[in-house]
Amino acid sequence: MPAAAALMISSVQKLVLYETRARYFLVGSNPAETKYRVLKIDRTEPKDLVVIDDKHVYTQQEVRELLGRLDLGNRTKIGQKGSSGLSRAVSAFGVVGFVRFLEGYYIVLITKRRKMADIGGHAIYKIEDTNMIYIPNDSVRVTHPDEARYLRIFQNVDLSSNFYFSYSYDLSHSLQYNLTVLRMPLETLKTETAQTRQESFDIFEDEGLSTQGGSGAFGICSKPYEKYVWNGKLLEAVKSTVHRDWLLYIIHGFCGQSKLLIYGRPIYVTLIARRSSKFAGTRFLKRGANCEGDVANEVETEQILYDASVMSFSVGSYSSYVQVRGSVPLYWSQDISTMMPKPPITLDQGDPFAHVAALHFDQMLQRFGSPIIILNLVKEREKRKHERILSEELVAAVTYLNQFLPPEHAIIYIPWDMAKYTKSKLCNVLDRLNVIAESVVKKTGFFVNRPDSYCSILRPDEKWNELGGYVVSTGRLQTGVLRTNCVDCLDRTNTAQFMVGKCALAYQLYSLGLIDKPNLQFDTDAVRLFEELYEDHGDTLSLQYGGSQLVHRVKTYRKIAPWTQHSKDIMQTLSRYYSNAFSDADRQDSINLFLGVFKPTEGKPHLWELPTDFYLHHKNTLSLSQTKRSYTYWWTTGVLKHLPLPFDEVACPENRRKLTVKKFHKYEEEVDIHNEFFRPYELSSFDETFCLAMTNSTRDFMPKNVGIDPSPFTVRKPDETGKSVLENKSNREETVLQRKTAASAPPPPSEEAVSSSSEDDSGTDKEDEGAVSQRSTPVKVTDAGDNTKITENVVQSTKDVYGVNLSDVPSEEDLTIYTRFVQLGQSQHKQDKSSQQLCSKHHLDRVINLVPISAFSEDSIYEVQPPRADRKSIEIFHAHIQAGRGDMQPLGKDDFFMYREYIRNRYL
């Protein structure tokens, strides 16, 4: 991979909206406030949107002069107080888009944000609050009586609820796609840069280019995947007229990140769910698929694992695994007018040639490659035919489509009645799911951006050798995807996806050299952390589609849920039923209006007057398609040629046209991820540092008892988790327990682990301002509001800790040995004869006379002369520096012999 390729960082991250009577001026800047862009929005047009972007990059001084001239030129009376012609309206962090109903346009701005995750230094933010501002001036406004109602419906889509964006990382694509783009050959990037200069109308596009070899860096920006972008229609009006830095694409779904500490080494586990904006809606109102192959409740879930001690995409260790959920790709629906908890399933249209299923699986082949694996969890045995209707039709569709595909790329269908196995007392649901998960991960493989570790050759594993996917020189690629569905794609689907994700997580940890076998057990800190992430993920997706949180969780299928969980399940069921019966219709109208599926038009029926939105989502009901797809060659041209690789990731001219490539100096803000992440020009504090505030396996899941193995892969007792131990204790007692754990835990194995552990310790101490260092073991804790002293038993019994009972009174010989040990610390310099005589008077005749072992030639309290480093040490240090920059030296024969000898002595 060329070291000079990086994702392009947007230079518009801080915005200020200034207002005059005739125009809005939107001033955007980078975080360092060294580069500015200005957008002019006309306010004199009552219904049209006029946006002017001069595409010029301003300095801070130039922007101040520009705003000063605008202020002076728009004053009504010069010198009069309160007559400023330019006023500051609002500060923001991004533009969601522009929307119009029946009057003029509105601009939607992000006014509050919160950092939710970090991937290789690229921050992912959640929208916390937005502001919707009407653009036309009151003097030209043409009022309409229904405008306010449309505004309320539009704002019913809560943008502060699970909408995410990033200034540099493309959230609509997977990590595998984003890093594959960066691995394009250097010659291809140079060609794309030359084409960009020829086709660009931006006269400042090439500003700052360096002609010196090695000092330039290629910035790459990819076209977002439209299916997962939720503000695509809102940006449509300005996409072709403004600079790309103004375009901020948002996704809807879930994003969560936790820190897995492995003896102090920070491993970030991230879960990102992208909800499709095509055929989007609520539970009973959106079922099956539309005429374009888009299915209801389609969500792409990606779990990303990376070593946070190395941030760069070029030299860091990154791994990801993607799976999909979505409704059964058929024309089917459920009639909710009967007010039944489970309305009957109806097949709306006959589809003998599986046309809609073909469109759906064609999209998946392009994005994920082959094999496509379907895990169907609907019921197969029912007294009254209900869910089985979907299974029979899906089997027929897959059988029809497979007869035209090559056998090695055929769609794999796995039916499994999860509800039936759950009711059985003889079967363990999760054991059966684990078998399915192993077979699925072996077929699809997973993504990792580094080649297999040498330890996998020394200690081979049968499961690892059977792993599928696509192996390249730089690592592994995931080919194909698992598509899981039940009827709602909520409860059963989330548990199945968790088990597959847990299996993939074990392979990811093994590929990064963090565990010795690709296997993870339940009741370990790592799996508890991952399970909590997946439950938050499932609850969020369930609220978006079904109106309530999950009814059945992983603990329910493990049959270890407490008895109080049953009453909670009943309440969630009632909440889901109420939401489906009374509020889903309004939510569906809001989604249709927000996504631009319905556009208000003068003289046509309003949104609330439509009896159904069926024709809005099925375009073939309004006009017949001029082109007809083949019933046999149902895939897009060129897809089969590149299988099992996904067509979207192949370096072909069609895909290269989706990229924007520009060359920068390597220290420009647009490609310098170090400045973007650390922000050296801003004042920061530990209290606001994201990495210390996120969920931590050591702080939140590891038991707080003394003598516990700190490994996150050690199986704990169900009542031994950190949360259960501390749930009834005060914050001060919690801090004491944490210090005990830190004091009694074994030391980390390496310097890297020590530094990472110290970083985590600072996050723990943050909870108690008066806390002392965790390295010391406190004996007493004094409450500030009370003079009483609470004595803490710092250690357990010696029998529990060491396995033996120590005698109460040490023997005289032991005391002498201990006295010598104390004397060792005091004897740092040569002792003269007088001191030896003094020691003999105190019955310490057998004290060892020590010689200084310091390497310093001068070592006293007055001066210290550092030792001279030999040539070999200097070479080792230079090699270490080069490794940090990504310039790895090839291992020699002696290095291999030394490593092999270490492994043989350590493990064999």
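This report concerns the structure included in the present document. Nothing here was measured: the structure is a model prediction, and the numbers come from that model.

**Observations concerning the side chain of lysine 126**
- With respect to the helices and strands, the residue lysine 126 is situated in strand β9 (residues 122-134).
- In terms of polar contacts, lysine 126 uses its side chain to reach the side chain of glutamate 128, at 3.2 Å.
- Once you skip the residues sitting within four places of it in the chain, lysine 126 turns out to touch Lys112, Arg113, Arg114, Met116, Ser160, Asn162, Phe163 and Tyr164.

**Overview of the pattern of salt bridges**
- If you walk through the whole model with that rule in mind, you get 37 salt bridges.
- Of the charged contacts, one joins aspartate 294 and lysine 227 as a salt bridge, the two residues approaching to 4.0 Å between their closest N and O atoms. Pair noted here: aspartate 294 is in the loop between β13 (265-275) and β14 (299-307) and lysine 227 is in the loop between β11 (216-222) and β12 (251-262), with a separation of 67 residues, a long-range link. Across this residue pair, the class does not change: aspartate 294 and lysine 227 are buried.
- In this structure, lysine 442 engages glutamate 466 in a salt bridge whose closest nitrogen and oxygen atoms are separated by 3.0 Å. Of this pair, lysine 442 sits in helix α8 (residues 429-444) while glutamate 466 is found in the loop between α10 (462-465) and β21 (470-472), placing the two residues 24 residues apart along the sequence.
- When its relative accessible area of 23% is taken as the criterion, lysine 442 is described as partly exposed.
- Where salt bridges share partners, they join Lys14, Glu33, Glu676, Arg679 and Glu682 into one cluster.

**A look at the environment of glycine 638**
- By the secondary structure assignment, glycine 638 is in the loop between α15 (614-617) and α16 (639-642).
- What makes glycine 638 partly exposed here is its relative accessible area of 23%.
- Each C-alpha atom, one on glycine 638 and one on glutamine 366, is 9.4 Å from the other, the two residues being 272 residues apart in sequence.

**A look at the packing of aromatic side chains**
- Applying the stated criterion across every chain yields a total of 29 aromatic pairs.
- With a centroid separation of 5.9 Å and 75° between ring planes, the pair formed by phenylalanine 498 and tyrosine 534 is classed as edge-to-face. One end of the pair, phenylalanine 498, is in helix α11 (residues 491-511); the other, tyrosine 534, is in helix α12 (residues 525-546), and 36 residues separate them in sequence.
- The exposure class assigned to phenylalanine 498 is buried, which follows from its relative accessible area of 0%.
- Aromatic rings pair up to connect Phe101, Tyr106, Tyr134, Tyr150, Phe154, Phe163, Trp230, Phe594 and Trp608 into one cluster.
- Residue placement shows arginine 113 over the ring face of tyrosine 125; its charged tip is 4.4 Å from the ring centre.
- Above the ring of tryptophan 464, the side-chain terminus of arginine 476 is found at 4.6 Å from the ring centroid.

**Quick look at the side chain of glutamine 544**
- With respect to the helices and strands, glutamine 544 occurs in helix α12.
- When residues no more than four places from it in sequence are discounted, the contact partners of glutamine 544 are Asn162, His252, Gly253, Arg275 and Arg587.

**A closer look at helix α1 (residues 60-73)**
- Helix length check: α1 (14 residues) gives 20 Å between terminal C-alpha atoms against 20 Å at 1.5 Å per residue, within 8%.
- The inward-facing, buried residues of α1 abut β2 (14-19), β3 (23-29) and β4 (36-42).

**With respect to the sheet that holds β11**
- Reading across from one edge, β1-β11-β24 is the order of the 3 strands in this open sheet, with mixed pairing throughout. With partners counted over all chains shown, the strands left at the sheet margins are β1 (5-7) and β24 (659-665), one partner each. With strand direction ignored, the average angle separating the axes of adjacent strands in the sheet is 35°.
- Relative to β11, β1 runs parallel, the two sharing 3 bridges. Bridging from a neighbouring strand, leucine 7 pairs with isoleucine 220 of β11.

Conventions adopted
Within each chain, residues carry numbers counting from 1 in the order of the written sequence. Residues qualify for local features only when their pLDDT is at least 70, as the model is predicted, and side-chain atom pairs are given and counted only at 80 or more; totals for whole chains, interfaces and linings, by contrast, use all residues. No hydrogens and no water enter the side-chain calculation; it runs on all heavy atoms of the structure. Counting from the N terminus, the helices are the DSSP runs of H or I reaching at least four residues and the strands are the DSSP runs of E reaching at least two. Pairs of N or O atoms are called polar contacts if they sit within 3.5 Å, as long as, within protein, a hydrogen donor faces a hydrogen acceptor (for residues adjacent in sequence, only side-chain-to-side-chain pairs). We call two residues contacting when some pair of their heavy atoms lies within 4.5 Å. Each reported salt bridge corresponds to a side-chain nitrogen of Lys or Arg within 4 Å of a carboxyl oxygen of Asp or Glu. Classification of residues uses two cut-offs on accessible area relative to the type maximum, computed with a 1.4 Å probe and protein chains only: under 20% is buried, over 50% is exposed, and between them is partly exposed. Centres within 6.5 Å are what make two rings of Phe, Tyr or Trp a pair, Trp counting through its six-membered ring; a difference in plane orientation under 30 degrees is then read as stacked, over 60 as edge-to-face, and the rest as tilted. Two conditions define a charge sitting above a ring: the NZ of Lys or the CZ of Arg must be within 6 Å of the ring centre, and it must be within 35 degrees of the ring normal. A helix is expected to reach a length of 1.5 Å times the quantity of its residues less one. The criterion for strand pairing is that DSSP finds at least two bridges linking the strands in question. What counts as an axis is a line fitted to C-alpha atoms, over the stretch in contact for a helix, and the angles between N-to-C directions run from 0 to 180 degrees.

Geometric descriptors of this kind do not, in isolation, establish any biological role.
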